[in-house]
Amino acid sequence: HFQQCDFNSAKSSQALKLYHRYAAVNYLNTFLYHKMDSHWLSRYISFDGLHHLQRPSDQGILVLTAHQHCLMMLGVAFGLSGNRTYPVLMDPNETVPDELKPYFAKAITDSQRHYNGGKYIMVRFGPSYTRNIYRVFEQGDMLISANDFPKNIAPKRRKNIPFYSQSISCPTGTIEIALKSGAKIVTAFISGGINEPFNIKIRPISNDDPSLKSVINQYGVHFNDALQSDAGSWEGWKWHNLFD
């Protein structure tokens with residue numbers, strides 16, 4: 001997939017090396033979530049654009065991100081920053097092989113303890129979770145949603161966004177609910193963490209044109225910018241059917 005996206009060979013080699021290192025960092029951090037606190041946050045996480053999360057206390061916020069290796073760390077960092085956090089997660093019972101379920105159960109339990117009363121919203125291949133998302137926004141809380149998927153498992157309600165010389169699917173459900181609920185929308189992507197602190201870059205989605213098309217287009221630009229600067233941080237390169 002690195003080659004399909006017109007990387008030169010040197011860039012592909014570096015991205016692949018970082019890909020494996022990020023995967024290892026994420027695996028190790030799974031066993032450290034239970035120890036993390038505000039002191040850990042100030043030492044190992046830096047934020048760009050944290051002020052973009054500011055909003056009235058009764059306004060919810062949608063954080064659009066992607067399936068990066070350290071996606072759970074993103075949720076932990078926002079939780080440790082004081083946000084009641086509700087990350088959307090594909091139900092491991094439908095997506096994770098039996099031998100990995102104990103590992104994922106630990107990751108979910110230990111990371112969720114930092115969400116200030118929030119919890120994972122488990123998504124199955126159906127619309128049953130939408131009521132919970134409305135409730136998060138009504139409470140003025142934070143919803144984190146990774147909106148990049150290979151086409152074969154993306155929900156029916158989706159749009160394509162440019163992705164290098166190809167395109168990738170963007171499910172629209174959480175965005176549509178956020179727009180209907182009057183929630184603020186931002187993007188956030190995490191990088192670093194290998195011999196340096198993690199960095200989380202938060203960018204606002206402009207509401208000059210509060211339409212689904214505008215939000216998706218802006219998300220696509222931010223997503224591509226994040227990968228151009230740190231391609232190895234994205235877990236999606238493993239999807240064998242990324243462009244099917």
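Each remark here, short or long, concerns the structure printed above.
What this report covers is the structure whose coordinates are included nearby. (Residues numbered from 1 in each chain as written. Predicted model: local features only at pLDDT ≥ 70, side-chain atom pairs only at ≥ 80, totals over all residues. Heavy atoms only, no water.)

### Here we look at the packing of aromatic side chains
Then comes step 1: In total, this model carries 17 aromatic pairs according to the counting rule given.
Then comes step 2: The interplanar angle of 50° and the centroid separation of 6.1 Å between the aromatic rings of phenylalanine 31 and tyrosine 103 together place this pair among those described as tilted. With a gap of 72 residues between them, phenylalanine 31 in the loop between α1 (9-30) and α2 (38-44) and tyrosine 103 in helix α5 (residues 101-112) connect regions that are remote in the sequence.
Then comes step 3: Among the aromatic residues, those joined into a ring-pair cluster are Phe163, Tyr164, Phe189, Tyr219, Phe223, Trp234, Trp237 and Trp239. (Phe/Tyr/Trp six-rings, centres within 6.5 Å; stacked < 30°, edge-to-face > 60°. Helix = DSSP H or I, 4+ residues; strand = E, 2+ residues; numbered from the N terminus.)

### Considering helix α6 (residues 130-138)
Then comes step 1: Of all the positions in α6, only Ile133, Val136 and Phe137 are classed as buried. Looking straight down α6, one finds that the buried residues subtend no more than 95° of arc, so they occupy a single side. Exposed side chains of α6 directed beyond 90 degrees from the buried face belong to Arg131 and Glu138.
Then comes step 2: Against β2 (61-65), β3 (85-90), β4 (121-123), β5 (142-146) and α7 (173-181) lie the buried residues of α6.
Then comes step 3: Directly beyond the C-terminal end of α6, a positive phi value near 80° is found at glycine 140. (Buried < 20%, exposed > 50% of the residue type's maximum accessible area, 1.4 Å probe, protein only. Arc of directions from axis to C-beta. Contact = heavy atoms within 4.5 Å.)

### A short note on the nonpolar core
Soluble globular proteins tend to pack their nonpolar side chains together in the buried interior.
Then comes step 1: Counting residues in each nonpolar core, the largest one holds 34 residues, and the members touching the most others are Phe163, Phe223 and Trp234.
Then comes step 2: Counting only elements with at least two residues in this core, the list comes to α1, β2, α6, β6 (158-163), β7 (166-171), α7, β8 (184-192) and α8 (212-229).
Then comes step 3: A per-element tally of this core places α8 first, with six residues. (Core = buried A, V, L, I, M, F, W, Y, C linked by side-chain atoms within 4.5 Å.)

### Some words on a nonpolar patch on the surface
Then comes step 1: On the surface, a cluster of nonpolar side chains totalling about 310 Å² of accessible area is made up of Tyr27, Leu28 and Phe31.
Then comes step 2: Tracing the chain through its elements places tyrosine 27 in helix α1.
Then comes step 3: Its relative accessible area of 44% is what places tyrosine 27 among the partly exposed residues. (Patch = residues over 30% accessible without salt bridge, like charges linked within 9 Å, V, L, I, M, F, W, Y side chains within 5 Å. Areas by Shrake-Rupley, 256 points an atom, 1.4 Å probe, with all protein chains shown as cover. Salt bridge = Lys/Arg side-chain N within 4 Å of Asp/Glu carboxyl O.)

### Considering the sheet that holds β5
Then comes step 1: Judged by pairing direction, the sheet is mixed, and its seven strands sit side by side in the order β1-β9-β8-β2-β5-β3-β4 without closing on themselves. Since the sheet does not close on itself, it has two edges, and those belong to β1 (45-48) and β4, each with one partner. Neighbour-to-neighbour, the strand axes of the sheet open up by a mean angle of 25°, direction not taken into account.
Then comes step 2: In this sheet, strand β9 (residues 198-204) lies alongside β8 in antiparallel orientation, the contact comprising seven bridges. Counterpart to valine 186 in the pairing with β9 is proline 204.
Then comes step 3: Helix-sheet contacts for α8 involve β2, β8 and β9, and the interaxial angle to β8 is about 10°. (Pairing = 2+ DSSP bridges. Axes fitted to C-alpha atoms, helices over the stretch in contact; angles between N-to-C directions.)

All quantities given are derived from atomic positions and should not be read as evidence of function.
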